Amino acid sequence: MEESWATLGVDLHLETPAAAAPGTPRSGVRKGLTDALREAVRGGRLAPGTRLPSSRSLATDLGIARNTVADAYADLVAEGWLTARQGSGTRVAERDVPRPVAPARPRRTGGAPAYDLLAGAPDVASFPRAEWLKAARRALAAAPDDVMAYGDPRGRVELRTALAAYLSRARGVHADPDRIIVVPGFAHALTLLGQLLSDRGLRRIAVESYGLDLHWERLARTGLRTAPLPFDDQGTRTDGLTSHRAVLMTPAHQFPMGVPLHPDRRAAAVDWARRSDGLILEDDYDGEFRYDRQPVGALQGLDPDRVIYLGTASKSLAPGLRLAWMVLPTALALEVAELKFAVGVASSALDQVTLAEFMTSGAYDRHVRAARLRYRRRRDQLVAALADRAPEIRVTGIAAGLHAVVRLPPGTEQTVVQAAHWQHLALQGLSTFRHPEATPPPVDALVVGYGTPPDHAWTAALEALCRALP
């Protein structure tokens, strides 16, 4: 009977020095318990409405008589600290609790952004909650017990198997589960790969002239200096690779310029890697979203032993899932898995098996197709609005992805970004993405993300953008 009371109660930590002393009279134990409870309530550790353990349960936990606990509760009820009702148990009484005053936020000139047109994020409001919940239930019901254990540092085998099948079918990637490593995000993958290259004696890595400073900073923390390659209308110039041993690229859809790497340069990059024993880190950040042309397959398909493929669920589903993956050459898979194990950071195993079920059931393909249609519609509305309101402005990089590059008259980028701020738009100029050591002449432009605003806010966001343009 005593064991059943112990399992039905709730835990409560109390400092009761009087109760702990051997030979303490019952009155002293009662006073010590009453003082400890009163101080827990007065100090805010027990919030108003908190349910306390039953007198039998707390007495068992503290090793004292049940009547002592009942008397202490009665004293505090009489004092107004606790309330006791039949069927509701003993609870902390409701009362006014002083709240700490939050520091005033600095005021932003022009007001906080009402619309988010930053590049690189999807519409999280369209996350397929119902289908994801169904997949989670099926996955959890079928998962083995070891899904709750620490598991393989490469990630759950269910997800790695599903990814191998999907990437081979949809992106032309040569993959098998043993060469795939699941990570909490692209930046985490980049940190691991930067550490791998540093351990091999590399001190610099080639990158594209335009990209994310977050990625350059991650690589710098591992000891690698980033050196930008020249860029033109055919994408990144691969003739600058000859003095390097590794390169980070977005060949299918250059971020943020939006152009695919020319076929001749794709071949040249792979030839360079073979000749120089080099490595290509391929960032396929939005490979699913192609609108006006056939999908550009992954560069990794040309040489799986020289290209490390990097993908993520952040654009296709939601960044909050913290799920990304690497497809590595066989010779590197074990080494990178050991690096990941040493770091000790992993994605949720339950989310991994859920995504595996989501993929194998066909729900992932259905969601991507629906999202592709929705984003294409938004892109078309963006292009139409700009053609109507600012016909002299050219829009590029729109055959794929979740953003467009809006070219501006020379010398106007900063002025337009400021005007967008006054229109309550979160918006970035192209100069934000330019590597500090890049050699191509700066281009005045906006990088307009059309993935983030929810459907009900998209029209108003477009109107605000048009008002900010020259």
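Since we're looking at a predicted model, the values are computed, not measured.

Criteria and cut-off values
- Residues numbered from 1 in each chain as written.
- Predicted model: local features only at pLDDT ≥ 70, side-chain atom pairs only at ≥ 80, totals over all residues.
- Heavy atoms only, no water.
- Core = buried A, V, L, I, M, F, W, Y, C linked by side-chain atoms within 4.5 Å.
- Buried < 20%, exposed > 50% of the residue type's maximum accessible area, 1.4 Å probe, protein only.
- Helix = DSSP H or I, 4+ residues; strand = E, 2+ residues; numbered from the N terminus.
- Contact = heavy atoms within 4.5 Å.
- pLDDT = per-residue confidence, 0-100.
- Salt bridge = Lys/Arg side-chain N within 4 Å of Asp/Glu carboxyl O.
- Pairing = 2+ DSSP bridges.

**Quick look at the nonpolar core**
Part 1: Counting 30 residues, the largest nonpolar core has Leu 117, Leu 382, Leu 386, Leu 446, Val 448, Leu 465 and Leu 469 as the members making the most contacts within it.
Part 2: For this core, the elements supplying multiple residues, two or more each, are α13 (363-389), β14 (403-407), α14 (413-422), β17 (445-449) and α15 (455-468).
Part 3: Take this core: its biggest share by element is 7 residues, from α15.
Part 4: With near-sequence residues (within four places) excluded, Leu 386 lies in contact with Pro 391, Val 395, Val 406, Leu 465, Cys 466 and Leu 469.
Part 5: Core analysis: the next-biggest nonpolar cluster, separate from the first, contains 29 residues, Leu 192, Ala 246, Leu 310 and Met 326 among them.

**Re the confidence of the model for the protein chain**
Part 1: Chain-level statistics for the protein chain give a pLDDT mean of 90 and a share of 92% at 70 or above.
Part 2: Residue range residues 104-109 is modelled with pLDDT below 50. Its contacts to residues more than four positions away, or to other chains, number 4 contacts.

**A look at the pattern of salt bridges**
Part 1: This structure, assessed with the given rule, holds 28 salt bridges.
Part 2: A salt bridge links Arg 42 to Glu 39; the nearest nitrogen and oxygen atoms lie 3.1 Å apart. In this pair, Arg 42 and Glu 39 are both assigned in helix α3 (residues 26-42), 3 residues apart and thus about one turn of the helix distant.
Part 3: Under the relative-accessibility criterion, Glu 39 is labelled partly exposed at 46%.
Part 4: A salt bridge links Arg 225 to Glu 437; the nearest nitrogen and oxygen atoms lie 3.3 Å apart. Of this pair, Arg 225 sits in strand β6 (residues 225-229) while Glu 437 sits in the loop between β16 (428-429) and β17, and the two are 212 residues apart along the sequence.
Part 5: Classification of Arg 225 as partly exposed rests on a relative accessible area of 41%.
Part 6: Each of the salt bridges in this network shares a partner with another, and the network as a whole consists of Lys 31, Asp 35, Arg 38 and Glu 79.

**Let's talk about the environment of Leu 332**
Part 1: Mapped onto the elements, Leu 332 comes out in helix α11 (residues 330-343).
Part 2: Between the C-alpha atoms of Leu 332 and Leu 193, which are 139 residues apart in sequence, the distance is 10.0 Å.

**A closer look at helix α4 (residues 55-62)**
Part 1: All buried positions along α4 are accounted for by Ser 55, Ser 57, Leu 58 and Ala 59.
Part 2: One or two steps after α4, the chain reaches Gly 63, where phi turns positive at roughly 70°.

**A word on the side chain of Arg 179**
Part 1: Turning to its location among the elements, Arg 179 is positioned in the loop between α7 (157-171) and β4 (180-183).
Part 2: The contact partners of Arg 179, leaving out residues within four places of it in the chain, are His 174, Gln 300, Pro 304, Met 326, Val 327, Leu 328, Pro 329, Thr 330 and Ala 333.

**Thoughts on the pairing of strand β2 (residues 89-92)**
Part 1: With 4 bridges connecting them, strand β1 (residues 82-85) and β2 associate as antiparallel partners. If you follow Thr 83 over to β2, its bridge partner there is Arg 91.
Part 2: Connecting β1 to the antiparallel partner β2 that follows it, the hairpin turn spans 3 residues, and Gly 87 within it adopts a positive phi of roughly 85°.

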